[in-house]
Amino acid sequence: MSARTTVSIVAPVYNEAGNLRRFYEEVRAALEGAGLSWELLLVNDGSTDGSHELMLQLADADPRLRVISFARNFGHQIAVTAGIDYACGRAVILIDADLQDPPAVIPRLVAKWREGYDVVYAVRSERKGESFWKRFSARIFYRLIHRITDIDIPVDTGDFRLMDERVAVVLRQMREHHRFVRGMTSWVGYKQIGIEYVREQRVWGETKYPLRKMIAFALDAVTSFSFFPLQIMIYISFTLAILSLLVGVIISGLRLVMGEEFFGGQATTIILLLLLSSFQLFFLFIIGQYVARTYDESRDRPLYVVSSTYGLGEPLAPNQRIGIAPSSGQSGAGLVDQETMGVAGHGRV
Ligand code: UDP
Ligand code: MG
């Protein structure tokens, strides 16, 4: 059996100084009993509160820790992506660093993986300590996404999940900028299963998802996996056309009976005009969302800028990573030794 790391734990970190030590200890405790080799990748997403120093301290004391530091804040989904890029385990686990996803659940994810599942996602059966508004909006959001997207994205499921390396290999090739990682893992396919867990309260600090960011995230989710908002316009336009025809006929009829003056006046006209313009502007906004994203993707900028790493080599190019045979002429220097490259390693440990 190769000495390759069995599981890579990926945790995005944005100003979590008060959580990090306890998070690391809980991860270690959860994995120690499971008899696995592991690494913990902490992705520092531009923290400004001393999280970075703390990560380096922890990594100094435990060689299983790796630190990837961004040049600025790139956002949660991008931080998770970088963790997947650098991970070299046979399975990759995504988990928040604020202890809302309890590390004690990790062995249950691993157990399902060993049964042969490629993606094991954790479903929130209960959410503790979150405001009514957050729970309500999340409930609506997950159900909306589930209904209008073309793929089967499970409801009440965040990024807390385990994926086999063959899923990670595909994700590493999906370089879209507006990322909805949980949808992207569903998109890959293979054998997927959910397990239930209780989402805990944030141990320290505040959520980094204010309303503005939640809306942007929801828009990314919808535009990434659905054309429904574009298609719905045709139904609305038909409905309005039929409605205007009906109203035209009715008013003409009434005028014949009740005289020319009936239903006259500019107020109605102005109100209708405003209503229709607001419809049109709304749909222009929707089209704009798709257009802006198309533009963003076409610029093809790198997804993130790494300012420093600790305990790691350079990430491999997508086609050089685990499970994909390296193409000739490119050096395979990096995380994975040549021996293990090209192995579509699917063996459970
Ligand atoms: N996070 C990040 N970059 C950001 C925002 C959040 O890396 O721009 C991390 C954060 O440190 C945490 C995880 O992503 O580990 C989830 O964020 P948060 O707890 O704020 O989201 P919530 O649980 O409230 O949805
Ligand atoms: Mg959280």
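Read on for an overview of the structure. (Residues numbered from 1 in each chain as written. Chains lettered and ligands numbered in written order. Predicted model: local features only at pLDDT ≥ 70, side-chain atom pairs only at ≥ 80, totals over all residues. Heavy atoms only, no water.)

## Remarks on the overall build of the protein chain
The test is simple: Helix and strand assignments come from DSSP, with helices taken as H or I runs of at least 4 residues and strands as E runs of at least 2, each series counted from the N terminus. Partly exposed describes any residue whose relative accessible area lies between the buried limit of under 20% and the exposed limit of over 50%, with all areas from a 1.4 Å probe on protein chains only and scaled to the type maximum. In what follows, a contact means two residues having at least one pair of non-hydrogen atoms within 4.5 Å. Only the protein chains shown count as cover for residues, and all accessible areas are computed by the Shrake-Rupley method using a 1.4 Å probe.
Along its length, the protein chain carries 10 helices and eight strands. For the protein chain, the proportion of its 349 residues judged to be buried stands at 46%. By sequence separation, contacts in the protein chain at least 24 residues apart represent 80% of the contacts at least 6 residues apart. Taken as a whole, the protein chain presents about 17600 Å² of accessible surface, with 61% of it coming from carbon and sulfur.

## Some thoughts on the coordination of the magnesium ion (ligand 2)
Note the threshold: Each metal site lists N, O and S donors within 2.8 Å (3.2 Å for Na, K and Ca). With water left out of the atoms, a site can look as if it is missing ligands.
Within the protein, the atoms that donate to the magnesium ion (ligand 2) are Asp98 (OD) and Gln100 (OE1), at distances of 1.9 to 2.0 Å. Accessibility expressed as a relative area gives 8% for Gln100, which makes it buried.

## Considerations on the packing of helix α1 (residues 17-32) against helix α2 (residues 51-61)
Let me state the cut-off plainly: With axes taken as lines fitted to C-alpha atoms, and helix axes fitted only over the stretch in contact, angles between N-to-C directions fall between 0 and 180 degrees. To sort the angles, those under 35 degrees are grouped as roughly parallel, those over 145 as roughly antiparallel, those from 65 to 115 as roughly perpendicular, and the leftovers as oblique. It is the rotation of the near helix from the far one that decides the hand of a crossing: anticlockwise by less than a right angle makes it left-handed, clockwise makes it right-handed. Each residue gets one label: Ala, Val, Leu, Ile, Met, Phe, Trp, Tyr, Cys and Pro are nonpolar, Asp, Glu, Lys and Arg are charged, and the others, such as Gly, are polar.
Remark: α1 packs on α2, axes separated minimally by 9 Å, with the N-to-C direction vectors making an angle of 20°. In terms of orientation, α1 lies roughly parallel with respect to α2. The crossing of α1 and α2 is right-handed. Where α1 approaches α2, its residues Ala17, Leu20, Arg21 and Tyr24 are matched on the opposing element by Ser51, Leu54, Met55, Gln57 and Leu58. When grouped by side-chain class, the residues that make up the contact of α1 with α2 number six nonpolar, two polar and one charged.

## Remarks on the pairing of strand β1 (residues 7-13)
The condition that has to hold: Any two strands are treated as partners once DSSP identifies two or more bridges connecting them.
Within β1, seven of the seven residues are buried, which leaves the element mostly enclosed by the surrounding structure. Burial along β1 is two-sided: Val7, Ile9, Ala11 and Val13 facing one way and Ser8, Val10 and Pro12 facing the other are all buried. When β1 meets strand β2 (residues 38-44), the two strands line up parallel, connected through seven bridges. By the bridge assignment for β2, Ser8 is matched with Glu39.

## Things to note about helix α4 (residues 106-114)
Helical geometry note: an α-helix holds 3.6 residues per turn, so side chains three or four residues apart project in the same direction. Filter applied, for reference: To be clear, the arc concerns the directions from the helix axis to the C-beta atoms.
All buried positions along α4 are accounted for by Ile106, Leu109, Val110 and Trp113. With its buried residues spanning 95° around the axis, α4 presents them on a single face. Residues of α4 that are buried make contact with β1, α1, β4 (91-94), β5 (119-127), β6 (157-164) and β7 (192-199). In the segment just after α4, Gly116 is the residue with positive phi, at about 120°.

## Quick look at the pairing of β2
To be explicit about the condition: A right-handed crossover is one whose linking path, passing over the helix from the first strand to the second, runs clockwise when the strands point away from the viewer.
Taking burial as the measure, the seven residues of β2 include seven buried ones, the bulk of the element. Of the two faces of β2, the one carrying Trp38, Leu40, Leu42 and Asn44 and the one carrying Glu39, Leu41 and Val43 are both buried. For the crossover that starts at β1, traverses α1 and ends in the parallel β2, the hand is right-handed. Bridge analysis of β2 against strand β3 (residues 65-70) gives five bridges, and the strand direction is parallel. Paired with Leu40 across the two strands is Leu65, which belongs to β3. Following the chain from β2 across α2 to the adjacent parallel β3, one finds a crossover that is right-handed.

## Remarks on the site of ligand 1
Selection criterion: Being near a molecule or strand, for a residue, means having at least one of its heavy atoms within 4 Å of it. Polar contacts, as used here, are pairs of N or O atoms within 3.5 Å; protein pairs need one atom able to donate a hydrogen and one able to accept it. Residues neighboring in sequence count only if both atoms are side-chain atoms.
Near ligand 1, the surroundings consist of 19 residues, among which Glu16, Asp45, Asp98, Thr207 and Lys208 are the closest. The backbone of Lys208 places a nitrogen or oxygen atom 2.5 Å from an oxygen atom of ligand 1. Surface burial for ligand 1 is 95%, taken as the share of its 530 Å² of free accessible area covered by protein chains. When grouped by side-chain class, the residues that make up the shell around ligand 1 number five nonpolar, five polar and nine charged.

## Topic: unusual backbone geometry
One non-glycine residue, Asp156, adopts positive backbone phi at about 55°. Positive phi outside glycine occurs at Asp300, with the angle close to 55°. The exposure class of Asp300 is exposed, given its relative accessible area of 57%.

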